[in-house]
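Take a look at the letters that make up each chain.
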Amino acid sequence: MASRLKVFKIRSLRGPQKYGVAGRSLEELLSKGAKLLQLSSPGCRLCLYEDGTVLTKDYFHSVPDHTDLILLAPGEIWQGFVSDIHNVLNTFDTQKNDFVEAAQKLLSDEHAPKRQKLIVDLIHNLSENILAECREEDGEWFEGIQSRFKNKSSYMRYSCESRIRSYMKEVSSYISAVDAPAQAEYKRITDFMLDKLKSMKYNGCYFDRREEEAVRLCTKEGWFSCQSKKLKHRQHRCN
């Protein structure tokens, strides 16, 4: 009994264009794909676009129809989504507009929500004047911010200090909810914490990208990592 005809979306590393290719076996799919993409069939291999898993004879029949595949010529490597990110980043060596265009092309073909958000955030941040520091250089960034702040770093320092002050105010106000016998000790600890923070200027240096690398949490471009509730690192931009 002949195998069922299966349909896949196949592309090469030479461009983003995808083609629908059907086959009843891995050999037939490889032959048709290589001919369509103008590659020499011997030595070629197919792998999943998403994670780079190589398609084998046994695996061929269990892969769902319309799965995205990459046809690789001998010596070519594909590591899934990581490879696409690498290719996009390499484009940055030419100019930013090409970089954004490459990311937009990647987004137009992406359907996984988390990866879509990653690329959208990347494009959004690239469209901003991240390296600009002064109000005169990036007026849009300073919209709604008091005129006394002349540069991004001073505002981020103030913002960090204000947030930590508000945290301590909330902690101190909780004293009435503490059992009476422990209130004195609670106050002693919070007062100590407050004095320590004051001496450190409420750690406003954390998000001041002009500070020394040893004391700030962000990079010189203003990026920083934090931890979510699930303890997974996330990347943010503070400037």
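Structural data are supplied above this passage.
What you see is a predicted model, and the numbers here were worked out from it, not measured in a lab. Residue numbers run consecutively from 1 along every chain, following the written order of its sequence. Only residues with pLDDT of at least 70 are given local features in this predicted model, and only at 80 or more are side-chain atom pairs given and counted; all residues enter the totals for whole chains, interfaces and linings. To obtain the side-chain values, all non-hydrogen atoms of the structure were included, while hydrogens and water were left out.

Draft legend 1. Spatial organisation of helix α6 (residues 152-173). Counting from the N terminus, the helices are the DSSP runs of H or I reaching at least four residues and the strands are the DSSP runs of E reaching at least two. Under the convention used throughout, the expected extent of a helix is 1.5 Å for every residue step, that is, one less than its residue count. Taking 1.5 Å of rise per residue, 22 residues should cover 32 Å, and α6 covers 32 Å from first to last C-alpha, within 8% of that figure. Buried, partly exposed and exposed residues are distinguished by accessible area as a fraction of the type maximum, computed with a 1.4 Å probe on protein chains only: under 20%, between the cut-offs, and over 50%, respectively. What α6 keeps buried is the set K152, S153, M156, R157, C160, E161, I164 and M168. Contact definition: two residues touch when any of their heavy atoms are within 4.5 Å. Buried-residue contacts for α6 involve α7 (180-199). Two or three places before S153, at the start of α6, stands the capping residue N151, its side-chain oxygen 3.4 Å from that residue's backbone nitrogen. Between N or O atoms, a polar contact is any pair within 3.5 Å; within protein, one atom must be a potential hydrogen donor and the other a potential acceptor, and residues adjacent in sequence are included only when both atoms are from side chains.

Draft legend 2. Main features of the pattern of salt bridges. What counts as a salt bridge is simple: a side-chain nitrogen of Lys or Arg found within 4 Å of a carboxyl oxygen of Asp or Glu. Per the counting criterion, the structure on display carries 14 salt bridges. Notably, a salt bridge pairs D65 with R4, separated by 3.0 Å at the nearest N-O pair. Placement of D65 in the loop between α2 (57-60) and β4 (68-72) and of R4 in the segment before β1 (6-11) is noted, with a sequence separation of 61 residues between them. For D208, the salt bridge is made with R157, and the minimal N-O distance between the two is 3.0 Å. In this pair, D208 sits in the loop between α7 and β5 (223-227) while R157 sits in helix α6, placing the two residues 51 residues apart along the sequence. For the pair formed by D208 and R157, the shared burial category is buried. Linked through salt bridges whose partners overlap, the residues forming this network are R157, D208, R210 and E211.

Draft legend 3. Representation of the side chain of E161. Checked against the element boundaries, E161 lands in helix α6. Using a relative accessible area of 14% as the deciding quantity, one classes E161 as buried.

Draft legend 4. Representation of a nonpolar patch on the surface. For patch detection, residues must exceed 30% relative accessible area and be free of salt bridges, and they are connected within 9 Å for like charges or within 5 Å for nonpolar side chains (Val, Leu, Ile, Met, Phe, Trp, Tyr). In short, Shrake-Rupley with a 1.4 Å probe defines the accessible areas, and a residue's cover is counted only from the protein chains shown. On the surface, I189, F192 and M193 cluster together into a nonpolar patch covering about 300 Å² of accessible area. When you line up the elements, M193 lands in helix α7.

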